[in-house]
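Remarks on the overall topology
One letter stands for each residue in the lines below.
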Amino acid sequence: DIVMTQSPLSLPVTPGEPASISCRSSQSLLHSDGFNYLDWYLQKPGQSPQLLMYLGSNRASGVPDRFSGSGSGTDFTLKISRVEAEDVGVYYCMQALQTQYTFGQGTRLDIK
Amino acid sequence: EVQLVQSGVEVKKPGESLKISCKASGYSFTAYWIGWVRQMPGKGLEWMGIIFPGDSDTRYNPSLQGQVTISADKSISAAYLQWSSLKASDTGIYYCARGNRGLGVPYWGQGTLVTVSS
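1. So, the overall build of chain A
Helices and strands together make up the secondary structure of chain A, namely zero helices and 11 strands. Counting from the amino terminus, helix and strand elements in chain A follow one another as β-β-β-β-β-β-β-β-β-β-β. In summary, chain A has a C-alpha radius of gyration of 13 Å against a globular reference of 13 Å for 112 residues, a match within 12%. For chain A, the C-alpha atoms occupy an extent of roughly 40 × 25 × 25 Å along the three principal directions. Each of the 112 residues in chain A was classed as buried or not, and the buried ones make up 46%. Put simply, 55% of the contacts in chain A that link residues at least 6 apart link residues at least 24 apart. Element-wise, carbon and sulfur atoms account for 47% of the exposed surface of chain A, whose accessible area totals about 5,100 Å². Here chain A carries 8 positive and 10 negative side-chain charges, and the mean point of each set is 5 Å from the other.

This is the structure we're talking about:
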């Protein structure tokens, strides 16, 4: 199994300030097709997870452009340029390189 | 519009069997895999496995293989997660989700809460 490790696990942020979450995989997620099979999800309180980013840096439909993803191989980052109150929840990275998909532990973002 | 609608809340006793469902609509059911994700109380997300409804090819999380069965019925566009003998540790919320050919997992069901308690 590919193990996904996120940091930090808790992230208090002041509205309007930036935020950054790191995700590291135990194996490279770079496929021979040139894409990194790394997704980001947000689970808002009491809701199902929602897709934010796929293939490392592609925003899903409807995701605000204050969210961005970067990285390659084993190291990835999700950045929020200016945190808003609606961004509260738990952020998960997930590897999609192997069909035995695995999530990171989750990073809880809340508002200071 | 793609929709995944899951069956309702379940309260069961240890040792009982259970089958929960995920009814898909708005797309060709056999064209994309459907998977199941577990979330134990207060914990993170864990993939249980996926099924390709076209040929019923199923891939399980090795740590869970043998504990659950994933199946699909093409005739009614439904996927299932089944236990033959529940344990208290099976308590949690179970989400079904649909893949998108390597472009993330954009579609999720609303979740089914399963409580196993004597």
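2. With respect to the nonpolar core
Considering soluble globular proteins, one finds that nonpolar side chains tend to be buried as a cluster. Among the nonpolar cores identified, the biggest contains 43 residues, and A:Trp40, A:Leu52, A:Tyr91, A:Phe103 and B:Trp47 are the most heavily contacted of them. For this core, the element with the most residues is strand β9 (residues 89-95) of chain A, which contributes five residues. Discounting residues that sit within four places of it in the chain, B:Trp47 has contacts with A:Met94, A:Tyr101, A:Thr102, A:Phe103, B:Trp33, B:Gly35, B:Trp36, B:Val37, B:Asn61, B:Leu64, B:Ala97 and B:Val105. B:Ala24, B:Tyr27, B:Ile70 and B:Leu86 belong to the second largest nonpolar core, which has 25 residues in total.

3. Notes on the interface of chain B and chain A
Contacts between the two partners involve 23 residues from chain B and, on the opposite side, 18 residues from chain A. Note on chain B versus chain A: buried area summed over both sides is about 1,600 Å², and carbon and sulfur give 62% of it. By the criterion of area lost to chain A, the three top residues of chain B are B:Leu45, B:Trp47 and B:Trp108, representing 35% of everything that side buries. Summed over the shared surface of chain B and chain A, the result is zero salt bridges.

4. What about unusual backbone geometry?
Residues A:Ser7 and A:Pro8 are joined by a peptide bond in cis, for which omega reads -5°. By secondary structure assignment, the location of A:Pro8 is in the loop between β1 (4-7) and β2 (10-13). Despite not being glycine, A:Leu55 has its phi angle at roughly 50°, a positive value. Following the sequence through the fold, A:Leu55 ends up in the loop between β5 (50-54) and β6 (58-59). In the Ramachandran plot, B:Ser56 falls in the positive-phi region, its phi being about 65° despite a non-glycine side chain. The residue B:Ser56 is located in the loop between β5 (45-52) and β6 (57-60) in this model.

5. Points about a nonpolar patch on the surface
Taken together, the side chains of B:Val9, B:Val11 and B:Leu113 present a nonpolar region at the surface, about 290 Å² in accessible area. Of the residues examined, B:Val11 reaches a relative accessible area of 62% and is grouped as exposed.

6. Focus: the sheet that holds strand β8 (residues 75-80) of chain A
All names here are of chain A. Strand order across the open sheet formed by four strands is β1-β3-β8-β7, with antiparallel pairing between neighbours. The open sheet terminates on both sides in strands that have one partner only, identified here as β1 and β7 (67-72). Mean inter-strand twist for the sheet, computed between neighbouring axes without regard to direction, equals 20°. Two elements, β7 and β8, share six bridges in a ladder whose sense is antiparallel. Looking at β8, one finds that Ser68 is bridged to Lys79.

7. Here's the deal with the state of the cysteines
In total, this model carries two disulfides over all chains according to the counting rule given. There is a disulfide in this structure between A:Cys23 and A:Cys93, and the S-S distance comes to 2.1 Å. Around the S-S axis, the bridge from A:Cys23 to A:Cys93 shows a dihedral of about 75° and counts as right-handed. Here A:Cys23 is found in strand β3 (residues 19-25), whereas its partner A:Cys93 is found in strand β9, with 70 residues between them in sequence. Paired by a disulfide, B:Cys22 and B:Cys96 hold their sulfur atoms 2.1 Å apart. On the sign convention where negative means left-handed, the S-S torsion of about 70° between B:Cys22 and B:Cys96 marks this disulfide as right-handed. Remark: B:Cys96 occurs in strand β9 (residues 92-98) and B:Cys22 occurs in strand β3 (residues 18-25); sequence separation between them is 74 residues. When its relative accessible area of 0% is taken as the criterion, B:Cys96 is described as buried.

Parameters and conventions
Residues numbered from 1 in each chain as written. Chains lettered and ligands numbered in written order. Predicted model: local features only at pLDDT ≥ 70, side-chain atom pairs only at ≥ 80, totals over all residues. Heavy atoms only, no water. Helix = DSSP H or I, 4+ residues; strand = E, 2+ residues; numbered from the N terminus. Rg over C-alpha atoms; globule rule 2.2 N^0.38 Å. Buried < 20%, exposed > 50% of the residue type's maximum accessible area, 1.4 Å probe, protein only. Contact = heavy atoms within 4.5 Å. Areas by Shrake-Rupley, 256 points an atom, 1.4 Å probe, with all protein chains shown as cover. Lys, Arg positive; Asp, Glu negative; His and termini not counted. Charge placed at Lys NZ, Arg CZ, Asp CG, Glu CD. Core = buried A, V, L, I, M, F, W, Y, C linked by side-chain atoms within 4.5 Å. Buried area = accessible area lost by both parts, 1.4 Å probe. Salt bridge = Lys/Arg side-chain N within 4 Å of Asp/Glu carboxyl O. Patch = residues over 30% accessible without salt bridge, like charges linked within 9 Å, V, L, I, M, F, W, Y side chains within 5 Å. Pairing = 2+ DSSP bridges. Axes fitted to C-alpha atoms, helices over the stretch in contact; angles between N-to-C directions. Disulfide = S-S within 2.5 Å.

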